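Letter by letter, the chains look like this.
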Amino acid sequence: MKEENDLSQRRAPIDMTPEQFRTLGHSLIDRVADLLGSMRVRPVTPDAIPNQIREALGAESPLPDHGADPQVILDRAASLLIDNSLYNGHPRFWGYITSSPAPIGMLGDLLAAAVNPNVGGWKLSPMASEVEAQTIRWIAELIGYPPECGGVLTSGGNVANFAGVLAARAAKARWDVRARGLHFDGAGNMTLYASTETHTWLQKAADLFGFGTDAIGWVPADGSRRMGLDHLRRKIERDVDDRRLPFLVIASAGTVSTGAVDPIRALAEICREHDMWLHIDGAYGGFAAALPEAPEDLHCLELADSVAVDPHKWLYAPLEAGCVLVRDPDALHNAFSYHPPYYHFEQEAINYFDHGLQNSRGFRALKVWLALQQVGREGYVRMIRDDIGLAEALYRRVSQTPELQAFTQALSITTFRYLPPDYQGHEESPAASEYLNQLNEEILVRLERGGEVFLSNAMIGEIYALRACVVNFRTTLQDIEALPEIVVRVGQEADRALRSQARIL
Ligand SMILES: *Cc1c(COP(=O)(O)O)cnc(C)c1O
């Protein structure tokens, strides 16, 4: 006979006693501290194919019917992750634009999960909502944006940029676009503009939000990989003549490939002339605006109607934390709220579900807020400056290394490639270009497998380049100085392998 479940003495299997939590928590924190202490001597990434990882996990095992000891489960989880992960917190991780996570952010996420405020509504998260508001204001102050702006934290740069586009769409459509949409008789043909160097979030946004990717006016980049202004002007004028409705220009403040900063001041002027919204994708470079020596156009962020930045990049927040700022404090509310207008005026407090795409929301502001206080403006200026200085040092070293060819250096991104001695001087013939692309792709694969360093790649026109992006407070000059030699060594190996393969074929 089944035992009656006595709910007056309920003991849910998922709960823990405070003592149990304390013991488990301390032992987990010990493992994390050991991980931090041993990061440098670990490979950046495990040399493993998906099947090996699945095997280590036991990917095929079915859903457990019965519970298990949380100490055992947590220990196993820690071991699996610690032994089979890529470490973007490793001092020699320079791939993509992914930063080392700040230790205080790790603790912040634990505290956030423990209190578990739902930062969708103020009533559900009184202190957390105010912390988020303060974090947004501090971010604005850090990058020179008007602190009375609106804003919301997002899962990352993609969603922060989406929010900017949706705010622009609501503000610039000449009809009630939220009710009537984009495709009724009499709707204008809303058109947006960005350089060909823009991150792929833009295609997703154009697709998701009903414009269609054909509504993007792609503007070629100039020699320094910034948006070409004459091209943009001509495109807008032609589209106006075709009875389209140009409503949005997207500028990159730090392109994802090479760190180029679009001519923001001039773009703001064009937007003013045509009553268009200027959105800046500063997911990578936005925080470099805090540096007095930053490129002039980074000091013009306040000219933009909206700016996306990514605290999980140059503020070193653990994933995930993005942020959008809008100059008009009502712009997000106008784009996202479904309350009747009077509701807004009666509210003294901010309900973040009214300001973005999410309804229930986690407390991602905490880790950002903690780090901003731990280091202050001064600390961030110093760390970002050091990252840029290291990327510049890399460019100099690469330029002085005979078998390497340096291409670009901007913000903290340096691009280059390996060039075998017998290709030097005639690397531009079609056959040579093709081989060099193939070779450098092979080098990247081998570097990853080796686990000594982690790079990614960029296409510089038709050239496949290796790309190092330093968003890493653990990287030292010695780490940077070691890179050219490693790439030359791996380059020579890859070159030999490819040539002998070609002979066999
Ligand atoms: C990283 C990045 C994005 C996307 O941000 P996520 O945080 O990955 O969503 C968009 N634009 C630029 C320029 C970026 O560097």
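Each chain has its residues counted from 1, following the order in which its sequence is written. Residue-level local features of this predicted model are given only where pLDDT is at least 70; pairs of side-chain atoms are given and counted only at 80 or more, and the full residue set underlies all totals for whole chains, interfaces and linings. Hydrogens and water are ignored here; the side-chain numbers use all heavy atoms of the structure.

Turning to the site of the ligand, a few remarks are in order. Near the ligand you find 14 residues, and of these G157, D281, D310, H312 and K313 are the closest. Backbone polar atom of N158 to an oxygen atom of the ligand: 2.8 Å apart, as the coordinates give it. Polar contact is defined as a pair of N or O atoms within 3.5 Å, subject to the rule that within protein one atom must be able to donate a hydrogen and the other to accept it, and that residues adjacent in sequence are counted only when both atoms are side-chain atoms. Within the side chain of K313, a nitrogen or oxygen atom sits 2.8 Å from an oxygen atom of the ligand. Here the ligand, which alone exposes 380 Å², has 84% of that area covered by the protein. Of all the cavities here, the one that holds the ligand is the second largest pocket. Numbering of helices and strands runs from the N terminus, with a helix taken as a DSSP run of H or I at least four residues long and a strand as a DSSP run of E at least two residues long. Broken down by secondary-structure element, the contributors of at least two residues to the shell around the ligand are helix 6 (157-172) and helix 11 (311-314). The element best represented in the shell around the ligand is helix 6, accounting for 3 residues. Note on residue classes: Ala, Val, Leu, Ile, Met, Phe, Trp, Tyr, Cys and Pro are nonpolar, Asp, Glu, Lys and Arg are charged, and everything else, Gly too, is polar. When the residues that make up the shell around the ligand are grouped by side-chain class, the tally is 4 nonpolar, 7 polar and 3 charged. Note on definitions. A residue lies near a molecule or strand when any single heavy atom of the residue is within 4 Å of it. The Shrake-Rupley method, run with a 1.4 Å probe, gives the accessible areas here. Residue values count only the displayed protein chains as cover. Every definition here rests on a 1 Å grid over the protein atoms only: cavities are sets of points where a 1.4 Å probe fits but cannot get out, pockets are open sets enclosed by protein on both sides within 12 Å along at least five of seven lines, and lining residues have some atom within 4 Å of a point. If over half the atoms of a molecule are within 2 Å of the grid points of a cavity or pocket, the molecule is regarded as sitting in it.

Another aspect to go through is the sheet that holds strand 2 (residues 189-195). DSSP-based pairing: two strands are paired if at least 2 bridges between them are found. Spatial strand order, 1-7-6-5-4-2-3: 7 strands in an open sheet with mixed pairing. Whereas interior strands pair on both sides, the edge strands pair on one side only; in this sheet they are strand 1 (150-154) and strand 3 (216-219). Sheet twist, expressed as the average angle between the axes of neighbouring strands with direction ignored, equals 20°. As paired elements, strand 5 (residues 277-282) and strand 6 (residues 306-309) share 4 bridges and run parallel to each other. Among the inter-strand pairings, H279 is bridged to a residue of strand 6, identified as S306. Should any heavy atoms of two residues lie within 4.5 Å, those residues are considered in contact. Every axis corresponds to a line fitted to the C-alpha atoms, with the helix fit spanning only the stretch in contact, and the corresponding angles, defined between N-to-C directions, vary from 0 to 180 degrees. Most of the contacts of helix 6 go to strand 5, to which it runs at about 180°, and overall it touches strand 1, strand 2, strand 4 (244-252), strand 5, strand 6 and strand 7 (322-326).

Pairing in this open sheet of 4 strands is antiparallel, and the strands run 8-9-11-10 from one edge to the other. Since the sheet does not close on itself, it has two edges, and those belong to strand 8 (404-410) and strand 10 (456-460), each with one partner. Sheet twist, expressed as the average angle between the axes of neighbouring strands with direction ignored, equals 35°. Sheet analysis places strand 8 next to strand 9 (residues 413-418), joined by 6 bridges and oriented antiparallel. Within the sheet, the bridge partner assigned to T408 lies in strand 9 and is T415.

Below, the discussion takes up the layout of surface pockets. Over the atoms, a rolling probe the size of a water molecule traces out where space has been left empty. What the largest pocket holds in volume is close to 1100 Å³. Lining the largest pocket we find 35 residues, and of these L28, V32, L35, L81 and M106 sit closest to its centre. Of all the elements in the fold, those that place two or more residues in the lining of the largest pocket are helix 1 (18-38), helix 3 (70-83) and helix 4 (103-115). By residue number, the principal contributor to the lining of the largest pocket is helix 1, which donates 10 residues. Taken together, the residues of the lining of the largest pocket sort by class into 25 nonpolar, 7 polar and 3 charged. Along the wall of the second largest pocket there are 29 residues; nearest its centre are I97, N158, H199, V256 and K313. Of all the elements in the fold, those that place two or more residues in the lining of the second largest pocket are helix 6, strand 5, helix 11 and strand 10. When its residues are assigned to classes, the lining of the second largest pocket shows 10 nonpolar, 14 polar and 5 charged. Grid points are joined across faces, edges and corners, and a volume is the space filled by probe spheres set on the points.

Taking burial as the measure, the 5 residues of strand 7 include 5 buried ones, the bulk of the element. Of the pairings in the sheet, the one linking strand 1 to strand 7 comprises 5 bridges and is antiparallel in character. In the strand pairing of strand 7, V152 is matched with V324. Relative to strand 7, strand 6 is paired through 4 bridges, and the arrangement is antiparallel. The partner of S306 across the bridge, within strand 7, is V326. Only protein chains enter the accessibility calculation, which uses a 1.4 Å probe. A residue is then buried if its area is under 20% of the maximum for its type, exposed if over 50%, and partly exposed in between.

On to empty space enclosed by the protein. Inspection of every chain in the model, using the stated rule, returns 1 cavity of 30 Å³ or more. When residues of the lining of the largest cavity are traced back to their parent elements, those giving at least two are helix 1 and helix 3. Here the lining of the largest cavity takes 4 residues from helix 1, the largest share from any one element.

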